[in-house]
Amino acid sequence: MKILKNIFVVLLFGFFGLVFGTAYYVYKQWQQPSPLKEPILLEIPRGYGAVQMGRLLHRNEVIKSTRSFEWWCRFNSGKVNFKTGWYNIPTGQSIEQIVALLSSGRTATIRVTIPEGKAAWETAGILANSALKLDSVKLDSLMYSQVFADSLGVKAKDLEGYLLPNTYDFPYGTDEQNAIRLLVRANLKLRDEMQAKNSPVWNELGDWHRVLTMASVVEKEAAVPNERTRIAGVFMNRYRIGMSLGADPTVRFIFRNMTGPIYKSQLASDNPYNTRKFAGLMPGPIANPGRAAIEATLFPMKTEELYFVAKDDGSREHFFSKTYADHNRLKNTAARNRGE
């Protein structure tokens, strides 16, 4: 009996030794850093569980053992909630860190800056030429689609003016519709913020579409930030007395010619966007104004000025005047600054 007892004790210790040894080995496996030699971008499909995820990670050499990964997930099920999307997976991560990343929803992003004052077709080009690698034709088609605009809650014939300029972190894999949707949502969020500030100008212009329309002209004319509210004040003065805005950028918009010379035939255009010929606001924005231009439009400087002209002295600033006579005099000064 004593011999049997000794054998039992030996076997029992052996069993517990094996269990603890295996557990320690598994624990060490869990703590081992990923064998990944360099960061990778990996897409996690929808609905993946521990088994599928383990195989995917092992196939991409993110983990050494699918079994160790599955065991970790089984023993830590409360920490496992894999979320679909693209992820940047760095090197040197433990299984716990990998699971935490893939359960966080912190998907990989591509940063793109949309400058202020770009027309929709220019914005389409910026998105298409970015790392997003989107289709410029699809983008342009969507931006000028009233059906798509309606689906986004924009009551306009297109999305000109509603693509809020800013720096955006687009989720990796973003398509054309979702890229545009992100810009429009930012615009409409700003709309709600600005509406809460109770600007008298909002009431004068009537609605957000007309605010954006005026702001787009302010954006295109204000070359230096400190002149935005003053230029907005001039345009509001002209609007109030039924005087044409007289803004060259509105003519450029008609012909999609934002930088080249303007010809007399273009200035004579009967297009309703031609504020050199027609009084009042255009039918819609001529560009996508940024937050600063929108705020300047809603809260313009109080001034009696009705005119401004570029100084053409390299400063990008303008001369401002109350009368047409002073305006002509300052135009001559600008001409001399150009060496004419």
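Because the structure is predicted, anything quoted here is derived from the model rather than measured. Residues take numbers from 1 onward in each chain, read along the sequence in its written order. Given that the model is predicted, a residue must reach a pLDDT of at least 70 before its local features are reported, and side-chain atom pairs must reach 80 or more before they are shown or counted; all residues, however, enter totals for whole chains, interfaces and linings. The basis for every side-chain value is the complete set of non-hydrogen atoms in the structure, without hydrogens or water.

Asker: Teacher, can you tell me more about the overall build of the protein chain here?
Answerer: Scanning the protein chain from N- to C-terminus turns up 15 helices and six strands. Atoms counted for the radius of gyration: C-alpha only. Globule rule: 2.2 Å times residue count to the power 0.38. Against the globule reference of 20 Å for 340 residues, the protein chain gives a C-alpha radius of gyration of 31 Å, more extended than a compact globule. Based on the C-alpha atoms only, the size of the protein chain along its principal axes is roughly 125 × 40 × 35 Å. Between buried and exposed lies partly exposed: a residue is buried under 20% and exposed over 50% of the maximum accessible area for its type, with that area taken using a 1.4 Å probe on protein chains only. Put simply, the protein chain has 340 residues, and 44% of those count as buried. Residue burial considers only the protein chains on display, and all accessible areas are found by Shrake-Rupley using a 1.4 Å probe. Summed over all atoms, the accessible surface of the protein chain reaches about 18,500 Å², with 52% contributed by carbon and sulfur. Helix and strand labels come from DSSP, where a helix needs a run of H or I of at least four residues and a strand needs a run of E of at least two; each type is numbered from the N terminus.

Asker: Can you walk me through helix α15 (residues 324–337) in this structure?
Answerer: Since the α-helix turns once every 3.6 residues, residues separated by three or four places project in the same direction. With 14 residues, α15 should cover 20 Å at 1.5 Å per step; its first-to-last C-alpha distance of 20 Å lies within 8% of that length. All of the buried residues along α15 are H327, L330, T333, A334 and A335. Contacts are assigned to residue pairs with any non-hydrogen atoms lying within 4.5 Å of each other. Buried positions along α15 lie against β5 (307–310) and β6 (318–321). Positive backbone phi, at 85 degrees, marks G339, one or two positions downstream of α15. Every helix has an expected span of 1.5 Å times one less than the residues it contains.

Asker: Help me understand the packing of aromatic side chains in this model?
Answerer: To describe a pair of aromatic rings, one takes the distance between the centres and the angle between the planes. Only Phe, Tyr and Trp rings are paired, with Trp represented by its six-membered ring, and only when their centres lie within 6.5 Å; those with planes under 30 degrees apart are stacked, over 60 edge-to-face, the remainder tilted. If you walk through the whole model with that rule in mind, you get nine aromatic pairs. An angle of 40 degrees between the planes, with centres 5.1 Å apart, marks the rings of F253 and Y273 as tilted. Here Y273 lies in the loop between α13 (264–267) and α14 (291–298) and F253 lies in helix α12 (residues 248–254), a separation of 20 residues in the sequence. Here F253 and Y273 have matching classes, each one buried.

Asker: Where do I start with the nonpolar core in this structure?
Answerer: Across soluble globular proteins, nonpolar side chains show a tendency to be buried alongside one another. The biggest cluster of nonpolar side chains holds 63 residues, and the ones touching the most others in it are L127, L159, I180, W208, F235 and I294. Sequence-distant contacts of W208, defined by excluding residues within four places in its chain, comprise Y162, N187, L190, R191, M194, W202 and I294. Joining through side-chain atoms within 4.5 Å is the link that ties buried Ala, Val, Leu, Ile, Met, Phe, Trp, Tyr and Cys residues into a set, and such a set is a nonpolar core. Membership of the second largest hydrophobic core comes to 19 residues, among which are I44, L57, I95 and L102.

Asker: It is not clear to me how the pattern of salt bridges should be interpreted in this structure. Could you clarify?
Answerer: Two side chains that carry opposite charge are able to pair once their charged atoms sit near each other. Salt bridge, as used here: a side-chain nitrogen of Lys or Arg that lies within 4 Å of a carboxyl oxygen of Asp or Glu. Considering all chains together, one arrives at 15 salt bridges under this definition. A salt bridge links R111 to D169; its shortest N-O distance comes to 2.7 Å. Taken together, the residues span a long stretch of sequence, with R111 in strand β3 (residues 109–114) and D169 in strand β4 (residues 166–171) at a distance of 58 residues. Taking the shortest distance from any N to any O, the salt bridge between D312 and R338 comes out at 2.5 Å. Separated by 26 residues along the polypeptide, D312 in the loop between β5 and β6 and R338 in the segment after α15 bring together distant segments of the chain. We classify D312 as partly exposed; its relative accessible area is 33%. Since its relative accessible area comes to 42%, R338 is described here as partly exposed. Linked through salt bridges whose partners overlap, the residues forming this network are E193, K197, R291 and E295.

Asker: I keep staring at the environment of T167 and nothing clicks. Help me out?
Answerer: By the secondary structure assignment, T167 is in strand β4. Overall, the relative accessible area of 38% leaves T167 in the partly exposed class. Distance from T167 to E305, taken between C-alpha atoms, is 35 Å for residues 138 residues apart in sequence. Beyond its immediate sequence surroundings of up to four residues, T167 is in contact with R111, V112 and T113. Each polar contact in these results corresponds to two N or O atoms within 3.5 Å; when the atoms are within protein, one needs to be able to donate a hydrogen and the other to accept it, and residues that are neighboring in sequence are counted only if both atoms are side-chain atoms. Only 2.9 Å separates the side chain of T167 from the side chain of T113, close enough to count as a polar contact.

Asker: Explain the packing of helix α6 (residues 136–143) against helix α8 (residues 176–195) here, please?
Answerer: A pair of packed helices is captured by two measures, namely the crossing angle of their axes and the spacing between those axes. Axis angles are defined between N-to-C directions and span 0 to 180 degrees, where every axis is a line fitted to C-alpha atoms and, for a helix, only to the segment in contact. Remark: α6 packs on α8, axes separated minimally by 9 Å, with the N-to-C direction vectors making an angle of 50 degrees. In terms of axis orientation, α6 runs oblique to α8. For the crossing formed where α6 meets α8, the hand is right-handed. Within the contact between the two elements, α6 uses K138, L139, L142 and M143 and α8 uses E176, Q177 and I180. Residue composition of the contact of α6 with α8, grouped by class: four nonpolar, one polar and two charged. Angle categories are assigned with fixed cut-offs, so that under 35 degrees is roughly parallel, over 145 is roughly antiparallel, 65 to 115 is roughly perpendicular, and the rest are oblique. With the far helix as reference, a near helix turned anticlockwise by less than a right angle produces a left-handed crossing, and one turned clockwise produces a right-handed crossing. Residues are sorted three ways: Asp, Glu, Lys and Arg are charged, Ala, Val, Leu, Ile, Met, Phe, Trp, Tyr, Cys and Pro are nonpolar, and all the rest, Gly among them, are polar.

Asker: Even after reading the chapter, I still don't get the side chain of H318, so can you show me in this structure?
Answerer: Topologically, H318 is positioned in strand β6. Within the structure, H318 has its side chain in polar contact with the side chain of E227 (distance 2.7 Å). Setting aside residues no more than four positions away along its own chain, H318 makes contact with E221, A223, E227, I231, F308, V309, A310 and K311.

Asker: When you look at the environment of K331 in this model, what are you seeing that I'm missing?
Answerer: Its place among the elements puts K331 in helix α15. Residues K331 and K157, 174 residues apart in the sequence, show an inter-C-alpha distance of 38 Å.

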